[in-house]
Amino acid sequence: MPRVSDDRLAARRREILDGARHCFAAYGYDGATVRRLEEATGLSRGAIFHHFKDKEALFLALAREDAERMADVASQEGLVQVMRDILARPKDFDWLSTRLEIVRKIRTDPGFREAWESQSADREAATLARLERKRRAGSLRKDVPPEVLVTYLDVILDGIVTRLASGQSTDDLHAVLDLVEASVRIPAAPE
């Protein structure tokens, strides 16, 4: 039997991830059945699950990709920039609308919770490291611990994702992010 090249395997994996992202966005986590995943990817369940153990592993692979991408942006430009990217390109992040379903799964499935939390750890670590650099540089407020600021920014991120997922208007969210940025910086001296 001919051996499949690493490039072809990587391309097939990419096809699966891209199709699955759209499927999760359209149908949610629970609604992304194996049959729908087959339709979205154009591949058989055997081909899909040759690359991923199960639906949860496929979903977590998408979460890992986004966590890595967000961590890169957060470490260089901050978590607020990640949120601005989400607002600027919502279609790139539309599968995150499954977040509402994920919250339920996190509460009821300890194995899933552990895997999901590990996906967020890199982004949180990158955000914390950036905040600590900003604090040392003198541009970040010192009256609130950086860990609290990370939680604050995560809550804002969750709110943005929820707002997008529920189809609410995002027109005023850029101004909200300006306010968030101002709230973590050292206030300018009064004139």
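A.B. asks: I'd like a rundown of the environment of Q119, residues and numbers included.
C.D. replies: Structurally, Q119 is set in helix α7 (residues 110-137). Residue Q119 is classed as buried on the basis of its relative accessible area of 7%. Distance in space between the C-alpha atoms of Q119 and I186 is 31 Å, their sequence separation being 67 residues. Leave out the neighbours within four places in its chain, and Q119 touches L60, A63, R64 and A67.

A.B. asks: Run through the pattern of salt bridges, naming residues and quoting values.
C.D. replies: As enumerated under the stated definition, the model contains 11 salt bridges in all. One salt bridge in this structure joins R45 and E38, with 3.4 Å as the shortest N-O distance. Across the pair R185 and E181 runs a salt bridge, and its minimum N-O distance is 3.7 Å. Where salt bridges share partners, they join R14, D18, R21 and E65 into one cluster.

A.B. asks: Can you tell me about the packing of helix α1 (residues 6-31) against helix α4 (residues 55-77), naming the residues and giving the values?
C.D. replies: In the contact formed by α1 and α4, the axes pass within 10 Å of each other and the chain directions differ by 100 degrees. Classified by the angle between their axes, α1 and α4 sit roughly perpendicular to one another. Counted together, R13, R14, I16, L17, A20, R21, F24, Y29 and D30 of α1 and K55, E56, L58, F59, A61, L62, E65 and D66 of α4 form the full contact between these two elements. Its residues assigned to classes, the contact of α1 with α4 comprises 9 nonpolar, no polar and 8 charged.

A.B. asks: Can you explain helix α5 (residues 79-88)? Please cite residues and give values.
C.D. replies: Counting buried positions along α5 yields 8 of 10 residues, so the element is predominantly enclosed. Among all positions of α5, only L79, V80, V82, M83, R84, D85, I86 and L87 are buried. Residues of α5 that are buried in the fold lie against α4, α7, α8 (146-165) and α9 (173-184).

A.B. asks: Outline the environment of E65, listing residues and values.
C.D. replies: Tracing the backbone shows E65 in helix α4. Among the residues examined, E65 registers a relative accessible area of 24% and is labelled partly exposed. Between the C-alpha atoms of E65 and S120, which are 55 residues apart in sequence, the distance is 11 Å. In this structure E65 touches R14, L17 and R21, once residues within four positions along its chain are discounted. In this structure the side chain of E65 is engaged in a polar contact, spanning 2.5 Å, whose partner is the side chain of R14.

A.B. asks: Give me the lowdown on α9, citing residues and values where you can.
C.D. replies: Across its 12 residues, α9 extends 17 Å between first and last C-alpha, which sits within 8% of the 16 Å expected from 1.5 Å per residue. When we look at burial in α9, the residues that qualify are L173, L177, V180 and V184. Buried residues of α9, seen end-on, are gathered within an arc of 55 degrees and therefore sit on one face of the element. Every exposed residue of α9 that faces more than 90 degrees away from the buried side is listed here: A175 and L179. Looking at the buried positions of α9, the neighbouring elements they touch are α5 and α8.

A.B. asks: Please set out the packing of aromatic side chains residue by residue, giving values where relevant.
C.D. replies: The final tally for this structure, using the stated rule, is 7 aromatic pairs. With 6.4 Å between their ring centres and 35 degrees between their planes, F59 and F112 make a pair best called tilted. Placement of the pair is F59 in helix α4 and F112 in helix α7, with a sequence separation of 53 residues. Comparing F59 with F112, the two get one shared label, buried. When the centroid spacing of 6.2 Å and the interplanar angle of 15 degrees are considered together, the rings of F112 and W116 count as stacked. Of the two residues, F112 and W116 are both situated in helix α7; the distance of 4 residues between them amounts to about one turn of the helix.

About the cut-offs
- Residues numbered from 1 in each chain as written.
- Predicted model: local features only at pLDDT ≥ 70, side-chain atom pairs only at ≥ 80, totals over all residues.
- Heavy atoms only, no water.
- Helix = DSSP H or I, 4+ residues; strand = E, 2+ residues; numbered from the N terminus.
- Buried < 20%, exposed > 50% of the residue type's maximum accessible area, 1.4 Å probe, protein only.
- Contact = heavy atoms within 4.5 Å.
- Salt bridge = Lys/Arg side-chain N within 4 Å of Asp/Glu carboxyl O.
- Axes fitted to C-alpha atoms, helices over the stretch in contact; angles between N-to-C directions.
- Parallel < 35°, antiparallel > 145°, perpendicular 65-115°, else oblique.
- Nonpolar A, V, L, I, M, F, W, Y, C, P; charged D, E, K, R; others polar.
- Polar contact = N/O pair within 3.5 Å; in protein donor to acceptor, adjacent residues only side chain to side chain.
- Expected span 1.5 Å × (residues − 1).
- Arc of directions from axis to C-beta.
- Phe/Tyr/Trp six-rings, centres within 6.5 Å; stacked < 30°, edge-to-face > 60°.

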